[in-house]
Amino acid sequence: MTLTVAVQMDPIAGINIAGDSTFALMLAAQSRGHRLFHYQADDLNWSDGRLWARANPVTVQRVVGNHFRLGDPVSLDLGAEADVVLMRQDPPFDLGYITATHLLERIADRTLVVNDPKSVRDAPEKVWVLDFARFMPPTLVTRSLDEARAFLKTHGAIVVKPLHGNGGKAIFRVGAEGENLSALMEVFNLTWREPHMIQAFLPDVAKGDKRIVLVDGEVAGAINRLPGEGEIRSNLAVGGSAEKTQLTAKEREICAALAPELKRRGLVFVGIDVIGGEWLTEINVTSPTGIVAIEKFDGTDIAGMIWDAIERRHASRAA
């Protein structure tokens with residue numbers, strides 16, 4: 001089976017090929033004989049029921065500084081000429097991102113979009129996770145300083161973070177005495193119109209924040225991400241480090257609870273974050289990462305698993 005795959009992503013010239021999950025997916029697709037095109041979300045166009053992108057044929061190779069070659073740009077009809085669209089641009093989950101999901105939803109009956117654009121739009125990482133609040137640490141979503149103070153009084157030290165943040169950016173710990181909480185809430189309220197997420201601080205974060213990757217609802221692998229010195233954030237993008245890990249019984253229970261919904265919603269590639277072996281904090285569906293690090297430690301082929309799942313879904317639609 002040879003597929004035409006359009007990859008909607010950030011500029012390919014700027015990616016770090018040593019750890020980029022999208023690049024790993026492109027390499028795996030190319031090794032299977034699939035034809036790749038590259039475009040950015042800004043390149044989408046719609047008219048008279050037709051969605052197209054100004055896209056470049058692309059080939060990739062794992063050579064630092066020479067990792068891609070682009071062909072001449074073409075007007076690629078995503079509904080008629082592409083078999084699969086990989087929606088892999090990084091957040092922020094802003095109106096540009098949301099608009100891209102609306103446009104791609106218009107071809108989803110003809111072209112397999114991974115992850116499903118409607119489901120991505122309906123499941124932002126720190127909002128959809130509220131459906132599984134039984135697995136979460138104590139959590140408050142608010143813009144109110146008074147509510148934040150009451151939550152702090154109940155739970156002691158807290159973490160404050162943007163509801164639609166990504167990559168470990170703008171995450172703050174506030175001690176039990178509430179140092180700078182009012183100033184922090186003021187800055188957050190000036191910066192973001194939406195509410196913010198406040199959670200009880202989990203001291204176990206010092207032992208790591210586990211990223212678990214699920215492929216079509218099934219556990220594919222995991223890494224434990226350790227915070228850098230003087231940090232509470234363990235994201236690899238902000239200096240965290242990775243180590244080999246195994247799942248706890250509670251983590252397997254969490255994955256089993258998520259699996260039916262992930263399959264039903266067409267969320268093929270998902271990364272969840274769990275602290276202390278039991279506390280679910282995020283369900284990442286927009287542009288999950290981590291497969292390269294997991295493959296390094298476990299010797300698994302998660303990119304191959306993802307393509308197996310995509311090919312199965314494509315074949316079932318064509319049947």
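Refer to the structure printed above.
(A) Summary view of the side chain of Asp-273. Here Asp-273 shows up in strand β16 (residues 269-275). Within the structure, Asp-273 has its side chain in polar contact with the side chain of Arg-211 (distance 2.7 Å). In this structure Asp-273 touches Asp-209, Lys-210, Arg-211, Arg-225, Trp-279, Leu-280, Thr-281, Glu-282 and Asn-284, once residues within four positions along its chain are discounted.

(B) Looking closely at the pairing of strand β2 (residues 35-39). Buried residues dominate β2, accounting for 4 of its 5 residues. Here strand β1 (residues 4-8) runs beside β2; their pairing, made up of 5 bridges, is parallel. Residue pairing across strands places Val-7 opposite His-38, the latter belonging to β2. Note on the crossover from β1 through helix α1 (residues 21-31) to β2: the handedness is right-handed. Judged from the 2 bridges that link them, β2 and strand β4 (residues 50-60) form a sheet pairing that is antiparallel. Within the sheet, the bridge partner assigned to Phe-37 lies in β4 and is Pro-57.

(C) Fine view of the sheet that holds strand β11 (residues 172-174). Taking strand neighbours across the sheet as the criterion, the 4 strands line up as β9-β12-β10-β11 in an open arrangement whose pairing is antiparallel. What marks the edges here is a single partner per strand, and that holds for β9 (139-142) and β11. Taken pair by pair, the neighbouring strands of this sheet meet at an average axis angle of 25°, ignoring direction. Taken together, the 4 bridges between β9 and strand β12 (residues 196-200) define a ladder with antiparallel strand orientation. Bridge pairing in β12 places Thr-142 opposite His-196. In the packing of helix α6 (residues 181-191) onto the sheet, contacts are made with β9, β10 (158-162), β11 and β12, and the angle to β10 comes to roughly 15°.

(D) Main features of the pairing of β1. Within β1, 5 of the 5 residues are buried, which leaves it mostly tucked inside the rest of the structure. Along β1, one buried face is formed by Thr-4, Ala-6 and Gln-8 and the opposite face, lined by Val-5 and Val-7, is buried too. Across 4 bridges, the pairing between β1 and strand β7 (residues 84-87) is parallel. Note that in β7 the partner of Ala-6 across the bridge is Val-85.

(E) Representation of the packing of aromatic side chains in the model. Taken as a whole, this structure holds 4 aromatic pairs when the rule is applied. Ring geometry for Trp-128 versus Phe-132: centroids 5.7 Å apart, planes at 80°, classification edge-to-face. In this structure Phe-132 comes out as buried when scored by relative accessible area, which is 7%. When the ring of Phe-172 is compared with that of Phe-188, the centres are 6.0 Å apart and the planes differ by 70°; the resulting orientation is edge-to-face. Separated by 16 residues along the polypeptide, Phe-172 in strand β11 and Phe-188 in helix α6 bring together distant segments of the chain. You can call Phe-172 partly exposed: its relative accessible area is 38%. Overall, Phe-188 belongs to the buried group, its relative accessible area being 2%. Grouped by ring-pair contacts, the aromatic residues Phe-172, Phe-188 and Trp-192 constitute a single cluster. One cation-aromatic arrangement involves Lys-296 over Phe-297; the distance from NZ or CZ to the ring centre is 5.7 Å.

(F) Here's a closer look at the packing of helix α8 (residues 291-298) against helix α9 (residues 302-318). Packing of α8 against α9 brings their axes to within 9 Å, and their N-to-C directions diverge by 120°. By the criterion of interaxial angle, the relationship of α8 to α9 is oblique. The residues of α9 that touch α8, namely those facing Ile-291, Ile-294 and Glu-295, are Ile-302, Ala-303 and Ile-306. Split into classes, the residues belonging to the contact of α8 with α9 amount to 5 nonpolar, no polar and 1 charged.

Thresholds applied
Residues numbered from 1 in each chain as written. Predicted model: local features only at pLDDT ≥ 70, side-chain atom pairs only at ≥ 80, totals over all residues. Heavy atoms only, no water. Helix = DSSP H or I, 4+ residues; strand = E, 2+ residues; numbered from the N terminus. Polar contact = N/O pair within 3.5 Å; in protein donor to acceptor, adjacent residues only side chain to side chain. Contact = heavy atoms within 4.5 Å. Buried < 20%, exposed > 50% of the residue type's maximum accessible area, 1.4 Å probe, protein only. Pairing = 2+ DSSP bridges. Right-handed = clockwise from strand over helix to strand, strands pointing away. Axes fitted to C-alpha atoms, helices over the stretch in contact; angles between N-to-C directions. Phe/Tyr/Trp six-rings, centres within 6.5 Å; stacked < 30°, edge-to-face > 60°. Lys NZ or Arg CZ within 6 Å of the ring centre and 35° of its normal. Parallel < 35°, antiparallel > 145°, perpendicular 65-115°, else oblique. Nonpolar A, V, L, I, M, F, W, Y, C, P; charged D, E, K, R; others polar.

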